[in-house]
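Residue-level structural notes
Chain by chain, the residues:
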Amino acid sequence: MITVTDVAAITRQVKQMLETAPALDGVRIERGADPDTMGDYLGWVSIYRSSVNYPPRSLGAGAGSRRQLIRLVLLVSMSHPMSGEDCEDDLEALIKKVMDVILSDTSLGGLVDTLDDDISVQYDSYDKVDNVYKQRALVFFTGVLQVY
């Protein structure tokens, strides 16, 4: 019988990795939060599931042998009261800290074999609400797991 990984277990693990990172002390870390929520001055990260694919492995690996590709998205958000430029600098510093944590354990606590090479950051929101600058980015990455 083939056994696949519980994707919610992976998002819980990513949350724990981020919450226990000293560099992210004070940053609000959540799973599946309302994406319209924007971060505060210390920053905000929410973890989401994007997709799961089960492509077959190469020939000769045995009947039913597949890979599980778990695509996750981190929404990283920052606010700043003074300027968009300061907000950009703070957002970049937060993204760096988040990526340091993720890339320091590419097995995500042993729940995946590795991370796929295609890791990307996309900047999707630049706002000013009540004289506060708010920016956010989406970090996309895929955990790879062999299932049998």
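Residues numbered from 1 in each chain as written. Predicted model: local features only at pLDDT ≥ 70, side-chain atom pairs only at ≥ 80, totals over all residues. Heavy atoms only, no water.

**A few points about the packing of helix 1 (residues 7-19) against helix 2 (residues 84-104)**
Running from amino to carboxyl end, helix 1 crosses helix 2 at an angle of 120°, the nearest separation of the two axes being 10 Å. Classified by the angle between their axes, helix 1 and helix 2 sit oblique to one another. Where helix 1 crosses over helix 2, the two elements pack in a sense that is right-handed. Judged by residue contacts, Val14, Met17 and Leu18 of helix 1 engage Val98, Val101 and Ile102 from helix 2. When the residues that make up the contact of helix 1 with helix 2 are grouped by side-chain class, the tally is six nonpolar, no polar and no charged. (Axes fitted to C-alpha atoms, helices over the stretch in contact; angles between N-to-C directions. Helix = DSSP H or I, 4+ residues; strand = E, 2+ residues; numbered from the N terminus. Parallel < 35°, antiparallel > 145°, perpendicular 65-115°, else oblique. Left-handed = near helix turned anticlockwise from the far one by under 90°. Contact = heavy atoms within 4.5 Å. Nonpolar A, V, L, I, M, F, W, Y, C, P; charged D, E, K, R; others polar.)

**Considering the environment of Pro81**
Within the fold, Pro81 resides in the loop between strand 3 (66-80) and helix 2. Along the primary structure Pro81 and Lys128 are separated by 47 residues, whereas in three dimensions their C-alpha atoms are 9.3 Å apart.

**Side note on a negative patch on the surface**
A grouping of Glu85, Glu88, Asp89 and Glu92 is seen on the molecular surface, where their side chains present a negatively charged patch. Looking at where Glu85 falls in the secondary structure, it is placed in helix 2. Taking relative accessible area as the criterion, Glu85 reaches 60% and is therefore assigned exposed. (Patch = residues over 30% accessible without salt bridge, like charges linked within 9 Å, V, L, I, M, F, W, Y side chains within 5 Å. Areas by Shrake-Rupley, 256 points an atom, 1.4 Å probe, with all protein chains shown as cover. Salt bridge = Lys/Arg side-chain N within 4 Å of Asp/Glu carboxyl O. Lys, Arg positive; Asp, Glu negative; His and termini not counted. Charge placed at Lys NZ, Arg CZ, Asp CG, Glu CD. Buried < 20%, exposed > 50% of the residue type's maximum accessible area, 1.4 Å probe, protein only.)

**A closer look at the nonpolar core**
One recurring pattern in soluble globular proteins is that nonpolar side chains are buried together. In this structure, Val14, Leu18 and Leu74 are the most contacted members of the largest nonpolar core, which totals 29 residues. With seven residues, helix 2 is the single largest residue contributor to this core. Here Val14 is in contact with Ile47, Leu72, Leu74, Ile102 and Leu108, once residues within four sequence places are set aside. Core analysis: the second largest hydrophobic core is formed by seven residues, Tyr48, Val73, Leu138 and Phe140 among them. (Core = buried A, V, L, I, M, F, W, Y, C linked by side-chain atoms within 4.5 Å.)

**Focus: the pattern of salt bridges**
For the coordinates displayed, the defined rule picks out five salt bridges. Between Glu19 and Lys15 there is a salt bridge, with its nearest N and O atoms 3.6 Å apart. Here Glu19 and its partner Lys15 are both found in helix 1, four residues apart, which amounts to about one turn of the helix. Since its relative accessible area comes to 45%, Glu19 is described here as partly exposed. On the accessibility criterion, Lys15 (24% relative accessible area) is partly exposed. Asp124 is the partner of Arg136 in a salt bridge, and the nearest nitrogen-oxygen pair spans 3.1 Å. With a gap of 12 residues between them, Arg136 in strand 6 (residues 132-147) and Asp124 in strand 5 (residues 120-129) connect regions that are remote in the sequence. Among the residues examined, Asp124 registers a relative accessible area of 36% and is labelled partly exposed.

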